[in-house]
Amino acid sequence: METKRRKGILKKGVYGLIILLIISQFVPVDRENPESLPEKDFLTMVSAPREIAGLVRTACYDCHSHQTEWPWYSYVTPVKFVVAHHVEEGREHLNFSKWAEYEQKKRDHKLEECAEEVKEGEMPIFGYDWTHAGARLSEADRQKLVLFFSAHRMDI
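Overview of the structure. Note that the structure is predicted; figures quoted are calculated from it, not measured.

## A look at the packing of aromatic side chains
Enumeration over the complete set of coordinates arrives at 10 aromatic pairs. Look at Phe42 and Phe149: their rings are 6.2 Å apart centre to centre, the planes differ by 40°, and that puts the pair in the tilted class. Taken together, the positions of Phe42 in helix α2 (residues 42–45) and Phe149 in helix α7 (residues 139–151) put the pair 107 residues apart, joining distant regions of the chain. Through a chain of ring-to-ring contacts, three or more aromatic side chains come together here, namely Phe42, Tyr61, Phe96, Trp99, Tyr102, Phe148 and Phe149.

## Thoughts on a negative patch on the surface
A cluster of acidic residues, Asp30, Glu32, Glu88, Glu89 and Glu92, forms a negative patch at the surface. Judged by its relative accessible area of 37%, Glu89 falls in the partly exposed class.

## Some thoughts on the layout of surface pockets
Taken as a whole, the largest pocket holds about 410 Å³ of empty space. Taken together, 19 residues line the largest pocket, and the ones lying closest to its centre are His64, Gly90, His93, Glu117 and Met123. Looking at the lining of the largest pocket, the elements with two or more residues in it are α4 (79–93) and α5 (104–119). The dominant element in the lining of the largest pocket, judged by the number of residues it contributes, is α5, at 5 residues. Broken down by class, the residue content of the lining of the largest pocket amounts to 10 nonpolar, 4 polar and 5 charged. The computed volume of the second largest pocket comes to approximately 280 Å³. Along the wall of the second largest pocket there are 19 residues; nearest its centre are Tyr73, Val83, His86, Tyr128 and His132. Where the lining of the second largest pocket is concerned, the elements lending two or more residues are α4 and α6 (128–131). Looking at the lining of the second largest pocket, its residues break down into 12 nonpolar, 5 polar and 2 charged.

What counts, and where the lines are drawn
Here the residue numbering is sequential within each chain, running from 1 through the sequence in written order. Since the coordinates come from a predicted model, pLDDT governs what is reported: local features require at least 70, and pairs of side-chain atoms require 80 or more to be given and counted, while whole-chain, interface and lining totals use all residues. As a convention, hydrogens and water are excluded, and side-chain values are obtained from all of the structure's heavy atoms. The criterion for an aromatic pair is that two Phe, Tyr or Trp rings (for Trp, the six-membered ring) have centres within 6.5 Å, with stacked assigned to planes under 30 degrees apart, edge-to-face to planes over 60 apart and tilted to the rest. Every helix listed is a DSSP run of H or I at least four residues long, and every strand listed is a run of E at least two residues long, numbered separately from the N terminus. What goes into a patch is any residue over 30% in relative accessible area without a salt bridge, connected to like charges within 9 Å or, for nonpolar side chains (Val, Leu, Ile, Met, Phe, Trp, Tyr), within 5 Å. All accessible areas in this document rest on Shrake-Rupley with a 1.4 Å probe, and a residue is counted as covered only by the protein chains that are shown. Note on definitions: salt bridges are taken to be side-chain nitrogens of Lys or Arg within 4 Å of carboxyl oxygens of Asp or Glu. The charge count treats Lys and Arg as positive and Asp and Glu as negative. His and the chain ends do not count. Lysine's charge is taken at NZ, arginine's at CZ, aspartate's at CG and glutamate's at CD. Exposed residues in this analysis have more than 50% of their type's maximum accessible area, buried residues have under 20%, and partly exposed residues fall in between, with area computed by a 1.4 Å probe over protein chains only. Detection works on a 1 Å grid of protein atoms alone, calling trapped sets that fit a 1.4 Å probe cavities and calling open sets with protein on both sides within 12 Å along at least five of seven lines pockets, with lining residues defined by an atom within 4 Å of a point. Grid points are joined across faces, edges and corners, and a volume is the space filled by probe spheres set on the points. Classification convention: Asp, Glu, Lys, Arg as charged; Ala, Val, Leu, Ile, Met, Phe, Trp, Tyr, Cys, Pro as nonpolar; all other residues, Gly among them, as polar.

Encoded structure:
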């Protein structure tokens, strides 16, 4: 009798979870890409070489700019909440689309952090390259980015 009762509770729990997932699919998340001016963008302001610009766009811009490309899975619960949160948090810490709005001291600090995070393999975040093959940085790519970010600091 106890086993039947447990199975019944488990069955109700599974149904409840399915219903919750279906309902949460209709909960909106912010996937807005605010308008941004190219002349305020980091890559434009520093006149990044094509190769570097490509690496930065592919490995960084989805979470750290207003040029996010929202993949199909960013519309599916529960992943949409995780992706939206990563983008919101990424833009909060560093937004390449607002580069012109940062004071020079803040820019230098951001570039120092960029170089450090890329060098240590902390960026792009773990798992990002699973769905973004272009973000798989080789050691040579990492070194190029570290040198590029470091070279554009004014406080060195």
